[in-house]
Amino acid sequence: MLERFVELETSIRGTLRLLYNSPKGLTSDEWRVIKELIHILRPFEEATKAVSGGNYMAASIVIVIAQGLINVYEQLQKQNYTLRVNDVIKNILSGMKERDRWGSIEKSKTLARCTFLDPRFKDVPFNEVLQQTAKTKIIQLTTAIISSSGAGLSEEQSIPNDLTEPKNSLSIWSTVDTNVAQKKPVGTNTSRAIIEIQRYLEDSLQQRNADPLKR
């Protein structure tokens, strides 16, 4: 609404001059304040569109957006705005930092896991301590998944049909099929989980505007 108001500035000024007993119009300083407010509020518009986007996983970008907003307003605070707009920036920044939920958003276990598992971000948004905390938890969850799925193949899958034939039936695949059926995964479930997570982290990040559910 403010943007549209500024777009019509010339028309509004001209119309007010033509009116008899017209209301008092805005001063040049007030017009400048409105224009600056539009500029400093744009990051929140961008954040709203990002969270509302149907093609994005909202939970995984909450921490990233929160960090981005704080960084943007810290930069805006250093720019040369009018005194009134500088006060607005200061209040926005202090409000974000002082709110209990906002200040501890990076410590949210659910949001941290979602961010860590988003191939666009992984562990990038976290400091060293939070990186290790998130990684450890994901390894624990992956270990549980591996354990619940079983260490090897099912009984029906583990022995090929060729091996169920009579012992005197010869096949070129007998030796390798027997060895494969007896093969056990090397290492513990935890070590396998660590390897999987490390491979995931070493893989290249997806573009920020890419669909994280597609690869």
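None of the values given here were measured: they were computed from a predicted structure.

A. Main features of the overall build of the protein chain. Of regular secondary structure, the protein chain possesses eleven helices and zero strands. Listing each helix as α and each strand as β along the protein chain from the N terminus yields α-α-α-α-α-α-α-α-α-α-α. Taking all 215 residues of the protein chain together, 25% fall into the buried category. In the form shown here, the protein chain has an accessible surface area of approximately 15,600 Å², with 54% of it arising from carbon and sulfur atoms.

B. Region of interest: the packing of helix H4 (residues 58-76) against helix H5 (residues 83-98). Look at H4 against H5: their axes get within 10 Å of each other, and the N-to-C directions meet at 150°. Classified by the interaxial angle, the pair formed by H4 and H5 is roughly antiparallel. Judged by the twist between their axes, the crossing of H4 over H5 is left-handed. Contacts between H4 and H5 involve Leu 69, Ile 70, Tyr 73, Glu 74 and Leu 76 on the former and, on the latter, Ile 89, Ile 92, Leu 93, Met 96 and Lys 97.

C. Structural context of the side chain of Gln 67. Positionally, Gln 67 belongs in helix H4. For Gln 67, a relative accessible area of 19% corresponds to the buried category. Every residue in contact with Gln 67, bar those within four places of it in the chain, is listed here: Glu 106 and Pro 125.

D. Local environment of the packing of aromatic side chains. Counting across every chain of the model gives two aromatic pairs. Centre to centre, the rings of Phe 44 and Tyr 73 are 5.5 Å apart; their planes meet at 40°, and the pair counts as tilted. Placement of the pair is Phe 44 in helix H3 (residues 28-52) and Tyr 73 in helix H4, with a sequence separation of 29 residues. In this structure Phe 44 comes out as partly exposed when scored by relative accessible area, which is 28%.

E. Layout of unusual backbone geometry. At Lys 122, a residue that is not glycine, the phi angle is positive and equals roughly 55°. Secondary-structure assignment places Lys 122 in the loop between helix H7 (109-116) and helix H8 (128-149). Under the relative-accessibility criterion, Lys 122 is labelled buried at 2%.

F. Layout of the side chain of Lys 122. One buried charge, Lys 122, has no salt-bridge partner; the nearest side chain with opposite charge is Asp 203, at 4.9 Å. Polar side-chain contacts of Lys 122 include one of 2.4 Å to the backbone oxygen of Tyr 200. Not counting the four nearest positions on each side in its chain, Lys 122 is found in contact with Thr 115, Phe 116, Tyr 200, Leu 201, Asp 203, Ser 204 and Leu 205.

G. Structural context of the nonpolar core. If you look at the biggest cluster of nonpolar residues, it comprises 16 residues, and the most contacted ones within it are Tyr 73, Ile 89 and Met 96. Elements that contribute at least two residues to this core include exactly H3, H4 and H5. By residue number, the principal contributor to this core is H4, which donates six residues. Counting residues in hydrophobic clusters, the runner-up holds 15 residues, among them Ala 66, Phe 116, Ala 193 and Ile 197.

H. Spatial organisation of H3. A rise of 1.5 Å per residue sets the reference length of H3, with its 25 residues, at 36 Å; its end C-alpha atoms lie 36 Å apart and thus fit the reference within 8%. At Leu 41, H3 shows its largest kink, close to 35°, and the proline Pro 43 lies no more than four residues downstream. Listed as buried for H3 are Trp 31, Val 33, Ile 34, Glu 36, Ile 38, Ile 40, Pro 43 and Ala 47.

I. Examining a nonpolar patch on the surface more closely. A cluster of nonpolar side chains, namely Ile 172, Trp 173, Val 176 and Val 180, defines an oily patch on the protein surface of about 440 Å² accessible area. Within the fold, Val 180 resides in helix H10 (residues 174-182).

What counts, and where the lines are drawn
Every chain is numbered on its own, with residues counted from 1 as its sequence reads. pLDDT decides what is reported in this predicted model: residues at 70 or higher carry local features, side-chain atom pairs at 80 or more are listed and counted, and totals for whole chains, interfaces and linings draw on all residues regardless. The basis for the side-chain values is all heavy atoms of the structure; hydrogens and waters are excluded. The helix and strand labels rest on DSSP assignments: H or I over at least four residues marks a helix, E over at least two residues marks a strand, and numbering proceeds from the N terminus. Classification of residues uses two cut-offs on accessible area relative to the type maximum, computed with a 1.4 Å probe and protein chains only: under 20% is buried, over 50% is exposed, and between them is partly exposed. The method behind every accessible area is Shrake-Rupley, applied with a 1.4 Å probe, and residues are considered shielded solely by the protein chains displayed. Axis definition: a line fit to C-alpha positions, over the contact stretch in the case of helices; interaxial angles, taken between N-to-C directions, run 0 to 180 degrees. For classification, angles of less than 35 degrees are called roughly parallel, those exceeding 145 degrees roughly antiparallel, those between 65 and 115 degrees roughly perpendicular, and all remaining angles oblique. Helix crossings are classified by the rotation of the near helix relative to the far one: an anticlockwise turn of less than a right angle makes the crossing left-handed, while a clockwise turn makes it right-handed. Between two residues, a contact is recorded if the distance between any of their heavy atoms is within 4.5 Å. Any two rings among Phe, Tyr and Trp, with Trp reduced to its six-membered ring, count as a pair given centres within 6.5 Å; such a pair is stacked if its planes are under 30 degrees apart, edge-to-face if over 60, and tilted if neither. Residues scored as positive are Lys and Arg, those scored as negative are Asp and Glu, and His as well as the terminal groups of each chain are ignored. A side-chain nitrogen of Lys or Arg and a carboxyl oxygen of Asp or Glu constitute a salt bridge if their distance falls within 4 Å. Pairs of N or O atoms are called polar contacts if they sit within 3.5 Å, as long as, within protein, a hydrogen donor faces a hydrogen acceptor (for residues adjacent in sequence, only side-chain-to-side-chain pairs). In this description, a nonpolar core means a group of buried Ala, Val, Leu, Ile, Met, Phe, Trp, Tyr and Cys residues linked to one another through side-chain atoms lying within 4.5 Å. Here a helix's expected span is defined as the number of its residues, less one, multiplied by 1.5 Å. Two axes enter the bend calculation: one fitted to the seven residues ending at the residue in question, the other to the seven starting there, and the bend is the angle between them. Like-charged residues are merged into a patch within 9 Å and nonpolar side chains (Val, Leu, Ile, Met, Phe, Trp, Tyr) within 5 Å, provided each residue has over 30% relative accessible area and no salt bridge.

Function cannot be read off these values alone, since they describe shape.
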